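Reading the structure
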Amino acid sequence: MARSETEPPEEETLRRWEREQAQLKANVIEEDTEEWQKDSTFAGLERVGGVDLSYVKGNDTVACASLVVLSYPDLEVLYEDCRMVTVSAPYVAGYLAFREAPFLVEAAQRLQEREPGLRPQVLLVDGNGVLHHRGFGVACHLGVLTGLPCIGVAKNLLQVDGLAKDELHREQICDLQMGGDVFPLRGTSGRVLGMALRSYDKSTKPIYVSVGHRTCLESAVRLVQSCCRYRIPEPIRQADIRSREYIRKHLSSPLGGPAPGPGR
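Keep in mind the model is a prediction, meaning the values are calculated, not measured.

1. Things to note about the overall build of the chain
If you tally the helices and strands in the chain, you get six helices and eight strands. From first element to last, N terminus to C terminus, the chain shows the α and β order α-β-β-β-α-β-α-β-α-β-β-β-α-α. Taken over the C-alpha trace, the chain has a radius of gyration of 18 Å; the compact-globule value for 264 residues is 18 Å, and the two agree within 12%. Counting only C-alpha atoms and orienting by the principal axes, one finds that the chain spans roughly 50 × 45 × 35 Å. Here the chain holds 264 residues, and 52% of them are scored as buried. Partitioning the contacts of the chain with sequence separation of at least 6, the portion at a separation of at least 24 is 69%.

Right under this line is the structure:
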C-alpha cells in the first residue's frame, strides 16, 4: 500500500472521515469470537484471506486491488481476485482506509457472490488495526465493514502514543532471537497496541501485528506466525505478488495501459 501525491482533502472531508471513524470504531470487538480461535492449533480454521493494494509505478491513482484466500494450514491459494481500480481519495496519515478500503470491501463482496463457500474465516490486512492514531486503522475498518475477523500486519512501526524507533526499540528488536519471538508495543498511555513479531528465523526485521476486529492480540500473533513461510505472512504476500503480476500483465497488454476500475 502506498501514499498519494494528490491534493489534500478539504477540512470538511477530514471532519467527516473522523466522524465516520469514531462511529465505526464503536463496533470493534477486541476479543476472540470464533470457536477455532479457542483451540491451540486453530482446529476448524480452513480458509485465511489476505488483501493488498499495489500501485502502478509512478502513478498514485491507478492500482490493483487484490484479495486471495488460502487453505489453512497448508497455505495453498484457493481463490484470487485482482482488479484495476482508480484511486481518487488522497493519502492522509491516519485515514488510509478511506483511500483503499472501498475496493477491498468490494472484492470481499464479489467473493461472497461468486464463491460463498470460499469466504475466509479471517482476513490478514497489509496495515494496522488498533495500532493507529485514533485506534481505528484499515484492519479495523475492513473488519467492521465486512464482519470478518481481521488482523493488521504492518512492515513498519507506526509511531503513535509515544511509540518510537528509538534506541530502546532497536535493542528490543536485537533481542528477538528466533521466529516467534515478540515484544509488546506499549504506548505512553499504558495500553499495549500490538506486538512486534520476528516472524521468520532468517528475518532480522520484525513485523507489527495488531488487532483489527473479532480477535484478541494473542490469537492474532499466533495465527500470523503460523502463516509465515517468510517475513510477510503468506496471505498478504500472495495478495501482493498477484497484484503486482496483474499490473505487469495489464501494462504489457496490447490494449495499452491499465484500464481503471470504478472510481471511489
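2. Quick notes on the pattern of salt bridges
Opposite charge on two side chains permits pairing when their charged atoms draw close. The tally for this structure, following the rule as stated, stands at 16 salt bridges. Between Arg110 and Asp81 there is a salt bridge; the shortest N-O distance is 2.8 Å. On the criterion of sequence distance, the pair formed by Arg110 in helix H2 (residues 96-114) and Asp81 in strand E3 (residues 77-86) is long-range, its members being 29 residues apart. Neither residue differs from the other here; Arg110 and Asp81 are each classed as buried. Of the charged contacts, one joins Glu167 and Arg170 as a salt bridge, the two residues approaching to 3.2 Å between their closest N and O atoms. Highlighted residues: Glu167 and Arg170, both in helix H4 (residues 167-174), separated by three residues, approximately one helical turn.

3. Description of the layout of surface pockets
Taken as a whole, the second largest pocket encloses approximately 160 Å³ of empty space. Lining the second largest pocket are 15 residues, and of these Leu163, Ala164, Leu168, Gln172 and Arg186 lie nearest its centre. Among the elements of the structure, H4 and strand E6 (182-186) are those that each provide at least two residues to the lining of the second largest pocket. The biggest single contributor to the lining of the second largest pocket is E6, with four residues. In terms of residue class, the lining of the second largest pocket is built from seven nonpolar, five polar and three charged.

4. Concerning the pairing of strand E5 (residues 150-154)
In terms of burial, E5 is largely enclosed, as five of its five residues are buried. Neither face of E5 is left uncovered, since the one carrying Cys150, Gly152 and Ala154 and the one carrying Ile151 and Val153 both have all their residues buried. In this structure, strand E4 (residues 122-126) lies alongside E5, joined through four bridges in parallel fashion. Across the sheet, residue Leu123 finds its bridge partner in E5, namely Cys150. In this sheet, strand E8 (residues 207-213) lies alongside E5 in antiparallel orientation, the contact comprising five bridges.

5. Some thoughts on the packing of H2 against helix H3 (residues 138-146)
Two quantities define a packed helix pair, namely the angle between the helix axes and the distance between the axes. Closest axis-to-axis distance for the H2/H3 pair is 10 Å, and the angle between their directions is 40°. Considered as vectors, H2 and H3 are oriented oblique to each other. In the packing of H2 onto H3, the handedness of the crossing is right-handed. Facing Leu96, Ala97, Phe98, Ala101, Leu104, Val105 and Ala108 of H2, the residues of H3 in contact are Val138, His141, Leu142, Leu145 and Thr146.

6. Overview of the nonpolar core
Residues Ile151, Leu223 and Val224 are the most contacted members of the largest nonpolar core, which totals 33 residues. Secondary-structure elements contributing two or more residues to this core are strand E2 (62-71), E4, H3, E5, strand E7 (192-197), E8, helix H5 (217-226) and helix H6 (234-251). Tallying contributions element by element places H5 first for this core, with five residues. Residues in contact with Ile151, not counting those within four places in the same chain, are Val122, Leu123, Leu124, Val125, Ala139, Val209, Ser210, Gly212, Thr215, Ala220, Leu223 and Val224. Core analysis: the second largest hydrophobic core is formed by 25 residues, Val69, Tyr79, Ala101 and Leu148 among them.

7. Things to note about the environment of Ala154
With respect to the helices, strands and loops of the structure, Ala154 is situated in strand E5. By relative accessible area, Ala154 is classed as buried at 6%. For the pair Ala154 and Asn128, spaced 26 residues apart in the sequence, the C-alpha separation amounts to 5.9 Å. With residues near it in sequence (within four places) discarded, Ala154 still touches Gly127, Asn128, Ile207 and Tyr208.

8. Concerning the pairing of E6
The pairing of E6 with E7 spans five bridges and is classified as antiparallel. Looking at E7, one finds that Pro184 is bridged to Met195. Here E6 folds back onto E7 in antiparallel fashion, the turn holding five residues, of which Gly190 has a positive phi close to 95°.

9. Observations concerning H3
Here H3 lies mainly inside the structure; eight of its nine residues are buried. Three or more residues of H3 are buried, namely Val138, Ala139, Cys140, His141, Leu142, Gly143, Val144 and Thr146. For H3, the secondary structure elements touched by its buried residues are helix H1 (11-25), strand E1 (47-55), H2, E4, E5 and E8. The first or second residue beyond H3 is Gly147, which carries a positive phi of 80°.

Quick notes on the rules
- Residues numbered from 1 in each chain as written.
- Predicted model: local features only at pLDDT ≥ 70, side-chain atom pairs only at ≥ 80, totals over all residues.
- Heavy atoms only, no water.
- Helix = DSSP H or I, 4+ residues; strand = E, 2+ residues; numbered from the N terminus.
- Rg over C-alpha atoms; globule rule 2.2 N^0.38 Å.
- Buried < 20%, exposed > 50% of the residue type's maximum accessible area, 1.4 Å probe, protein only.
- Contact = heavy atoms within 4.5 Å.
- Salt bridge = Lys/Arg side-chain N within 4 Å of Asp/Glu carboxyl O.
- 1 Å grid on protein atoms, 1.4 Å probe; cavity = no way out; pocket = protein on both sides within 12 Å on 5 of 7 lines; lining within 4 Å.
- Points joined across faces, edges and corners; volume = space filled by probe spheres on them.
- Nonpolar A, V, L, I, M, F, W, Y, C, P; charged D, E, K, R; others polar.
- Pairing = 2+ DSSP bridges.
- Axes fitted to C-alpha atoms, helices over the stretch in contact; angles between N-to-C directions.
- Parallel < 35°, antiparallel > 145°, perpendicular 65-115°, else oblique.
- Left-handed = near helix turned anticlockwise from the far one by under 90°.
- Core = buried A, V, L, I, M, F, W, Y, C linked by side-chain atoms within 4.5 Å.

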